[in-house]
4 protein chains.
Amino acid sequence: MLQLGIIGAGRIGRVHVQSLRTLDGVRLKALADPFLPEETAAWAKEQGAAQVTKDYRELLADPAIDAVLICSSTDTHAPISLEALAAGKHVFCEKPIDHDLVRIHAVMDAVERTGLCYQVGFNRRFDHNFRAVRQAVAAGEIGTPQLIKITSRDPEPPGPDYIRVSGGLFMDMMIHDFDMVRYLAGCNAAELYAEAAVLVDPAIGEAGDVDTAIVTLKMENGALAVIDNSRRAVYGYDQRCEVFGSAGMAASGNDAPSTLQLSTARGVCAEKPLWFFLERYTQAYADELRSFVSAITARTPAEVTADDGLQSVRMAMAAKRSLLERRPVRLDEIPE
Amino acid sequence: MLQLGIIGAGRIGRVHVQSLRTLDGVRLKALADPFLPEETAAWAKEQGAAQVTKDYRELLADPAIDAVLICSSTDTHAPISLEALAAGKHVFCEKPIDHDLVRIHAVMDAVERTGLCYQVGFNRRFDHNFRAVRQAVAAGEIGTPQLIKITSRDPEPPGPDYIRVSGGLFMDMMIHDFDMVRYLAGCNAAELYAEAAVLVDPAIGEAGDVDTAIVTLKMENGALAVIDNSRRAVYGYDQRCEVFGSAGMAASGNDAPSTLQLSTARGVCAEKPLWFFLERYTQAYADELRSFVSAITARTPAEVTADDGLQSVRMAMAAKRSLLERRPVRLDEIPE
Amino acid sequence: MLQLGIIGAGRIGRVHVQSLRTLDGVRLKALADPFLPEETAAWAKEQGAAQVTKDYRELLADPAIDAVLICSSTDTHAPISLEALAAGKHVFCEKPIDHDLVRIHAVMDAVERTGLCYQVGFNRRFDHNFRAVRQAVAAGEIGTPQLIKITSRDPEPPGPDYIRVSGGLFMDMMIHDFDMVRYLAGCNAAELYAEAAVLVDPAIGEAGDVDTAIVTLKMENGALAVIDNSRRAVYGYDQRCEVFGSAGMAASGNDAPSTLQLSTARGVCAEKPLWFFLERYTQAYADELRSFVSAITARTPAEVTADDGLQSVRMAMAAKRSLLERRPVRLDEIPE
Amino acid sequence: MLQLGIIGAGRIGRVHVQSLRTLDGVRLKALADPFLPEETAAWAKEQGAAQVTKDYRELLADPAIDAVLICSSTDTHAPISLEALAAGKHVFCEKPIDHDLVRIHAVMDAVERTGLCYQVGFNRRFDHNFRAVRQAVAAGEIGTPQLIKITSRDPEPPGPDYIRVSGGLFMDMMIHDFDMVRYLAGCNAAELYAEAAVLVDPAIGEAGDVDTAIVTLKMENGALAVIDNSRRAVYGYDQRCEVFGSAGMAASGNDAPSTLQLSTARGVCAEKPLWFFLERYTQAYADELRSFVSAITARTPAEVTADDGLQSVRMAMAAKRSLLERRPVRLDEIPE
């Protein structure tokens, strides 16, 4: 029975606690959160956490704890990762590891040195729809990939305060799609070109960001790809992809609350997609932890590595530069 | 925190144990099973059951236990229900309560006498798809219901041994659809006509049953309905419905493992439906327990009552008689 | 170049004139209609008819005319068929040949005697969707048929005046589905049971008819079948079928004006089905004539024969009797 | 009754002849083709052409002819357009008018001078699916357009000989999509960036062209857009679009031969899309001529103008330059 500690009891930390309840062979031992209001402490106890603390270092010092999930704020991901690895804990770290390549490399070095399991939280790789597409591609069912398309649109934008510290659309939102295009293609990007605009909310522009973007990519295997993002789709979270190749196309659509089809004088209507990531990716969040637990137990490599974390950050950097300089940017222009 | 006991550790009992792990406000206190092999006992402990026994009466005698789930063999449903109610326990009982109307009425009387919560395991009422259709009907979105169609086909037939003790297709399989048509229509059936045949496997005929059936119904609100059943759909569990009315139609289809769409030289193909009831109704099994717990806690009526259990058995009896006598049978020909 | 005459310039006669414009190897020579207002005569000339008359006998007397399409009122179908066959013309006759079995047999005898081509206007057999299902069944793709389901709902009911002379829902509307179930199954029905009601419009009941019906059938090959009809689906003409068998299921849905999918805050909506038979079956109407012309030219049997016309009328009679006598009726109870 | 002449009896000329048979108020008077084999002449007579000639100037000299359809080779489009306009004929000209902007402007000047109707053959604007999307956009159903996506893939590439004289993928194939993105957005493009590769067939690369491309655009109304093209989709002609805006998304998919859905042990499969443009755009080809005839008769502007022809050529030029110079190209860099 693997013993886990969770660092950070925000929205995503709580999602992981829920997921853990459904998994066998693992249990929540402790939870740390610097703020830890009474309500949170009570809730954590109810969820079975034997230990609840404001200081994550208590978890790292507990020899009974095998692994930690780092769900704290982005700026703490790298330093806590380093501490946890140094303490001999396996680490599941929410994305991104960091916005700074040097700090990411420090983590990667520590992972290599310690030989511990380190998994980055690119949950979408575990979504049943994206996974089915990837498996079709990997099985050769569409032949050689030639065109990859990813659509990713949020149901509503975050507030301007969040936008200001988010790192921008490419680092905060499209980073998931940068990882996805690598996952679907099975290789890195060689070059990309970014087009973007403020079409959803002028306040986002005033905060120095864009809210609508299209990025074209050339993958290392020669396939062309395109990602489009919007911060607001009024019909809900829109998460689709298609991989087109020499022998066919594998595509996936959205999940809806039900298969209800309502035919009336106004038309034939289905439900909107599931509202947002918490609804769409419930299964993916559980399965990424299942995979993490299984990798630790079976001593196999993590399914999403620190290098995956690195590459997606480099792609976000290239997209930013492309948008700034109005030209295609090769990935090798971004430091390894 | 509600304390539950489970009686019967077969397939469906284990499903409920899994579901309980995801629910708040309730915990598994004890599990009873007359056979209780070592493996099962160990598993139950692992799932958090403090007490594991071969004798369900120990659960009924435990004052800490608020409610029991009866998941034992069909013939024990009624007697254990009576004992549990007498012991002051709320009861969730798998369907059918019994094949005998007198025994069902004895349970109904006990429920009324004790005022305890008694819920029958018609899980499909909690399926997101059927529920969405029912809600559309109840909200008046399709006007007055006129035609109701239910398709229910299993991916593979049970063995002849099971068939022999099953009570027959109408009592064993279509009973779910009899409950569903009442749920969708919001009323009882007035009359029905059954047509059936042995088309899947002659061994089913030799065991005295049919494997393919169409039943036409007239509901008390005037709507016509039709149910079709097959014991074997090679493409998987086929569970669909439609309710057609004066203002439109609400229909639901199957769930698939993913939204993958594969376009090749052979066509544009989606995945088959989820394989069988354990896959299709995972969410429904959890939600029926959530509803049971909530009814107990909030002291509201059970969402599926003993009367629902009674009516579906009466419909199965009417269908048997219709098939035997080659004529439509009114429900009032079957004893209340 | 085959020369055709059309008898009857009503709605369906005009549909055939339109279809003829798109066909090679055939031309409209003459048109007869007992009323023939000026406007119709002018229109027929414009469509290329060299001869326009009130008297269909002029067409039958014209040796240049190879074949006639009988699109006049139902009661004239049989007598004009006999006259046309006697005059040596190939005949395409709108359904039904007649409501009287003796008169139908007289036509069948004449067809056999003359060896001329005689096709009945069951246009739906030529619809691309139903045909694709039939071809999948005939190709063995679904194995042995076990369950056949046909849904057929009109967008709006005819007026009470029409209802009174229509022969009733089974003879006027479901007759198409009786033919379809034979087409899909590839055999005749052995027995059927009819359930029906007045749910759409009390005026239809006052006119002595029903407007909603479900008919269950047992086909001669052992398959069970069910047909449902409604005189009013507010979302438009609903024409679907499915054939379920030992190796799978072939199903077809409705055609819509476009594949438009509109996702908004209200849902994900497609267009309603094409409004009614003129829209849905445009292609089928052209293809049944193409088939007729081809059968004449190639001296092959008509794809829809007078016997097809006979069997569907017998089924409508059986359905009427079943509804009246509240019991299943064997087809062999209806005179051959 | 409008009298038409057709210049060019190749594949597309013959499509128009077929379409004309279904239209009211217009007839084919004459056909000219420089090669005119016997078989073609006979066919044209059969289709009702009173006059058949090798010299298109005979058509231009015939005062009975109101309008001509120019379906000859691309290099003759502009000169014959000029002659026809000078002869006072309305002109329907297949796309592109020319690859040379000066020659296109000469035609535009002549159109303005003569006041005659001049329509360019961008047939896809008349396709029921694209039109439904455009109408939803124009009706404001999706709010302000923000992202437009067009997928256009051929089922098989043309031979290298054709590729060599085609003007390249952007001028020969994507030109339809350049027109479509203007149609859907309701405005011109401001800037574009082209990415392309040879992934389908090295012979296409050897012929100096690409076979796979993604072009990102910025429209004058601020919307971003992306077009992807492939010369070979093994599952058939893939013609889809979506327009995403502040209030929703309108999307359209492919047409298939039928709505057949085959569920077997291998999955749930639909038919492939209609094979190629002749199958997919049959209705669009007829409707563009209906629109041309109607514009002449009603003296209204053509629905697709010479300026539409000009703009799409300019966009193809910009795409070529972008690909060559590896940078985004503003449309105002291309001469008006």
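Computed from a predicted structure; not experimentally measured.

As for helix α9 (residues 174-185) of chain A
An α-helix turns once every 3.6 residues. As a result, residues three or four positions apart point the same way. Residue and element names in this part refer to chain A. Helix length check: α9 (twelve residues) gives 16 Å between terminal C-alpha atoms against 16 Å at 1.5 Å per residue, within 8%. Buried residues dominate α9, accounting for twelve of its twelve residues. Of the positions making up α9, those classed as buried are Met 174, Ile 175, His 176, Asp 177, Phe 178, Asp 179, Met 180, Val 181, Arg 182, Tyr 183, Leu 184 and Ala 185. Of the residues flanking the end of α9, it is Gly 186, one or two places downstream, whose phi is positive at about 75 degrees.

Overview of the sheet that holds strand β6 (residues 118-120) of chain B
Note on sheets: strands pair through backbone hydrogen bonds, and any given pair is parallel or antiparallel. Residues and elements named next belong to chain B. Read across the sheet, six strands follow the order β3-β2-β1-β4-β5-β6 without closing on themselves; strand pairing throughout is parallel. Of all the strands in the sheet, just β3 (51-53) and β6 have a single pairing partner and so form its edges. This sheet shows a mean twist of 20 degrees between the axes of neighbouring strands, independent of strand direction. The strands that helix α12 (residues 282-298) touches are β1 (2-7), β2 (26-32), β4 (67-70), β5 (90-93) and β6; relative to β5, the one it contacts most, it runs at about 160 degrees.

Things to note about the interface of chain A and chain B
Opposite the 30 residues of chain A that make contact, chain B presents 30 residues. Counting each side, the surface lost to burial between chain A and chain B is near 2,100 Å², with a carbon and sulfur contribution of 45%. Where chain A touches chain B, the interface holds two salt bridges. Here Asp 24 of chain A and Arg 21 of chain B are joined by a salt bridge, their closest N and O atoms 2.7 Å apart. Between the two partners, chain A and chain B, sit 15 residue pairs in polar contact (both at pLDDT 80 or more). Tallied by class, the residues present in the side of chain A that touches chain B amount to twelve nonpolar, 13 polar and five charged. Judged from the three bridges that link them, strand β13 (residues 261-264) of chain A and strand β12 (residues 248-252) of chain B form a sheet pairing that is antiparallel. Considered in β12 of chain B, the bridge of Gln 261 of chain A is made with Ala 251 of chain B.

Overview of the side chain of Asp 228 of chain A
Looking at the element boundaries, Asp 228 of chain A is found in strand β10 (residues 224-230). Side chain to side chain, Asp 228 of chain A and Lys 149 of chain D meet in a polar contact 2.9 Å long. Excluding its chain neighbours within four sequence positions, the residues that come into contact with Asp 228 of chain A are Ile 150, Thr 151, Ser 152, Arg 153, Ala 213 and Ile 214 of chain A together with Leu 147 and Lys 149 of chain D.

Let's talk about the relation of the copies chain D and chain A
Mapping chain D onto chain A leaves a residual RMSD of 0.0 Å; the transformation is a rotation of 180 degrees accompanied by 0.0 Å of translation along its axis. Both copies are brought into coincidence by an operation consistent with a two-fold rotation axis. Looking at the rotation axis and the C-alpha trace of chain D, the residue lying nearest is Arg 327 of chain D, at 2.7 Å. Looking at the interface residues of chain D, 100% of them are also at the interface in chain A, so both copies use one shared face.

Re the interface of chain D and chain A
A common way to state how big an interface is: give the accessible area lost once the parts meet. On the side of chain A, 40 residues touch chain D, which itself brings 40 residues to the contact. Surface buried jointly by chain D and chain A totals about 3,100 Å² across both partners, of which 64% is contributed by carbon and sulfur atoms. If you look at where chain D meets chain A, you find ten salt bridges. Between Glu 195 of chain D and Lys 218 of chain A there is a salt bridge; the shortest N-O distance is 3.3 Å.

Digging into the sheet that holds strand β5 (residues 90-93) of chain C
All names here are of chain C. A sheet is described by the order of its strands in space; here six strands give the open sequence β3-β2-β1-β4-β5-β6, paired in parallel fashion. The open sheet terminates on both sides in strands that have one partner only, identified here as β3 (51-53) and β6 (118-120). In this sheet, neighbouring strand axes are inclined to one another by 20 degrees on average, regardless of whether the strands run parallel or antiparallel. Where strand β4 (residues 67-70) and β5 come together, four bridges link them in parallel fashion.

What about the packing of helix α4 (residues 74-86) of chain C against helix α5 (residues 101-114) of chain C?
All names here are of chain C. Viewed as axis vectors pointing N to C, α4 and α5 meet at an angle of 20 degrees, and their least axial separation amounts to 10 Å. Judged by the angle between their axes, α4 and α5 are roughly parallel. Of the two elements, α4 crosses α5, and the hand of that crossing is left-handed. Within the contact between the two elements, α4 uses Asp 75, Ala 78, Pro 79, Ser 81, Leu 82 and Leu 85 and α5 uses Arg 103, Ala 106, Val 107, Ala 110, Val 111 and Thr 114. A breakdown of the residues in the contact of α4 with α5 according to their chemical character gives eight nonpolar, two polar and two charged.

The rules behind the values
Residues numbered from 1 in each chain as written. Chains lettered and ligands numbered in written order. Predicted model: local features only at pLDDT ≥ 70, side-chain atom pairs only at ≥ 80, totals over all residues. Heavy atoms only, no water. Helix = DSSP H or I, 4+ residues; strand = E, 2+ residues; numbered from the N terminus. Expected span 1.5 Å × (residues − 1). Buried < 20%, exposed > 50% of the residue type's maximum accessible area, 1.4 Å probe, protein only. Pairing = 2+ DSSP bridges. Axes fitted to C-alpha atoms, helices over the stretch in contact; angles between N-to-C directions. Contact = heavy atoms within 4.5 Å. Buried area = accessible area lost by both parts, 1.4 Å probe. Salt bridge = Lys/Arg side-chain N within 4 Å of Asp/Glu carboxyl O. Polar contact = N/O pair within 3.5 Å; in protein donor to acceptor, adjacent residues only side chain to side chain. Nonpolar A, V, L, I, M, F, W, Y, C, P; charged D, E, K, R; others polar. Least-squares fit on C-alpha atoms with pLDDT ≥ 70 in both. Parallel < 35°, antiparallel > 145°, perpendicular 65-115°, else oblique. Left-handed = near helix turned anticlockwise from the far one by under 90°.

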